[in-house]
Amino acid sequence: MTARCLLHVCLMLLFSTEISAQLCTMLHFQQNKVNKESLELLQKMSRKFPSQCLNERAAFKPTQDVVQLPVSQKENAMVAIQEILQEIFNIFSKNLTQSAWEETSIVRFQNGLYLQIQRLEACLRAHMEKGLTNVEIEDHQLTSRRVKQYFQGIDVFLKEKQYSLCAWEIIRMEIPRGFVLLDKLTRRLNN
């Protein structure tokens, strides 16, 4: 009886590892799909940039251009993608009460990001289990810090503007730039 249970557990681990490995090899396809759907949903949330917000647009000055974030190596690209998606998810999980966005688009946007974050975390865990050198660990941490620093600027802007309609619209217009970087990084996953 115990041997049968042990065999069952071993088979489950073997199959889950195999399924996880297959999901990781398909990651670039999934990420391309998430990028495309997310951009469409961002556009759908609010059709037109409010004219009363044009003067405030100049008030948002990111500390750095997200598209220019330096990321090396395929594994580090995966770390950056996961961190960018997590930060976007965090931003769009905050005080959205003053945004005049379509609720179903927001929920679909958040759900898509969440699912992809979960996939990426599973792949990163599998990669980390193989063992990393100190240099690789430091590289991952540096990438993570750079991404967080950029998104902290967005968070500060939203707080300073008290999560106003205009602040959210400006950020909704900025976030697609993050998806430009995601596209560049996703191409690295394919190599």
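Residues numbered from 1 in each chain as written. Predicted model: local features only at pLDDT ≥ 70, side-chain atom pairs only at ≥ 80, totals over all residues. Heavy atoms only, no water.

Any chance you could break down unusual backbone geometry for me, citing the residues and the numbers?
Of note in this structure, Q162 is not a glycine but carries a positive phi near 55 degrees. Looking at the element boundaries, Q162 is found in the loop between α6 (134–160) and α7 (165–190). (Helix = DSSP H or I, 4+ residues; strand = E, 2+ residues; numbered from the N terminus.)

Quick rundown of the packing of helix α2 (residues 27–45) against helix α5 (residues 103–129)? Include the residues and the values.
For the pair α2 and α5, the least separation of the axes is 9 Å and the interaxial angle reads 160 degrees. Considered as vectors, α2 and α5 are oriented roughly antiparallel to each other. Of the two possible hands of crossing, α2 and α5 adopt the one that is left-handed. Residue-level contacts link L27, Q30, Q31, V34, S38, L41, L42, K44 and M45 of α2 to S105, I106, R108, F109, G112, L113, Q116, R119, L120 and C123 of α5. Residues of the contact of α2 with α5, tallied by class, amount to 10 nonpolar, six polar and three charged. (Axes fitted to C-alpha atoms, helices over the stretch in contact; angles between N-to-C directions. Parallel < 35°, antiparallel > 145°, perpendicular 65-115°, else oblique. Left-handed = near helix turned anticlockwise from the far one by under 90°. Contact = heavy atoms within 4.5 Å. Nonpolar A, V, L, I, M, F, W, Y, C, P; charged D, E, K, R; others polar.)

Tell me about the environment of Q30, and please be specific about residues and values.
Inspection of the secondary structure puts Q30 in helix α2. A sequence separation of 156 residues divides Q30 from T186, and the C-alpha atoms of the two residues are 9.5 Å apart.

With reference to specific residues and values, describe the state of the cysteines.
Considering all chains together, one arrives at one disulfide under this definition. Between the sulfur atoms of C53 and its disulfide mate C166 the distance is 2.1 Å. Here the S-S torsion is close to -80 degrees, and the disulfide linking C53 with C166 is therefore left-handed. Of the two residues, C53 is situated in the loop between α2 and α3 (54–57) and C166 in helix α7; the sequence distance between them amounts to 113 residues. Grouping residues by exposure puts C53 and C166 together as buried. (Disulfide = S-S within 2.5 Å. Buried < 20%, exposed > 50% of the residue type's maximum accessible area, 1.4 Å probe, protein only.)

Explain the side chain of E87 to me, and be specific about the residues and the numbers.
When you line up the elements, E87 lands in helix α4 (residues 74–91). Summary of buried charges: E87 has no salt-bridge partner, and the nearest side chain of opposite charge, K148, is 4.9 Å away. Among all residues touching E87, those that are not within four sequence positions of it are V147, K148 and F151. (Lys, Arg positive; Asp, Glu negative; His and termini not counted. Salt bridge = Lys/Arg side-chain N within 4 Å of Asp/Glu carboxyl O.)

Residue-level account of the nonpolar core, with values.
In this structure, I88, F92, F109, F151, I154, I175 and F179 are the most contacted members of the largest nonpolar core, which totals 45 residues. No other element matches α7, which puts 11 residues into this core. Not counting the four nearest positions on each side in its chain, I154 is found in contact with F60, I91, I171, E174 and I175. (Core = buried A, V, L, I, M, F, W, Y, C linked by side-chain atoms within 4.5 Å.)

So what about the environment of L182? Which residues, and what values?
Along the chain, L182 falls in helix α7. Taking the C-alpha atoms as reference, L182 lies 8.3 Å from A80; in sequence the two are 102 residues apart. Setting aside chain neighbours within four positions, we find L182 in contact with Q31, N35, I81, I84 and L85.

Describe the packing of aromatic side chains, naming the residues involved and giving the relevant values.
Going through the model one piece at a time under the given rule, you end up with eight aromatic pairs. Every member of this aromatic cluster is reached through a ring pair, and the members are F92, W101, F109, Y163 and W168. (Phe/Tyr/Trp six-rings, centres within 6.5 Å; stacked < 30°, edge-to-face > 60°.)

Account for the pattern of salt bridges, with residues named and values stated.
Evaluated as defined, the whole model comprises six salt bridges. Taking the shortest distance from any N to any O, the salt bridge between E40 and K36 comes out at 3.2 Å. Here K36 and E40 lie together in helix α2, a separation of four residues that amounts to about one turn. On the basis of relative accessible area, K36 is assigned to the exposed category, the value being 54%. K94 is the salt-bridge partner of D155, the closest N and O atoms lying 2.6 Å from each other. Of this pair, D155 sits in helix α6 while K94 sits in the loop between α4 and α5, and the two are 61 residues apart along the sequence. On the basis of relative accessibility, which here comes to 12%, the residue D155 falls in the buried class.

How would you explain the confidence of the model for the protein chain if you had to name every residue and give the values?
Across the protein chain, pLDDT averages 78, with 80% of residues at or above 70. Throughout residues 5–20 the model reports pLDDT below 50, and contacts reaching past four residues in sequence, or to other chains, amount to zero contacts. (pLDDT = per-residue confidence, 0-100.)

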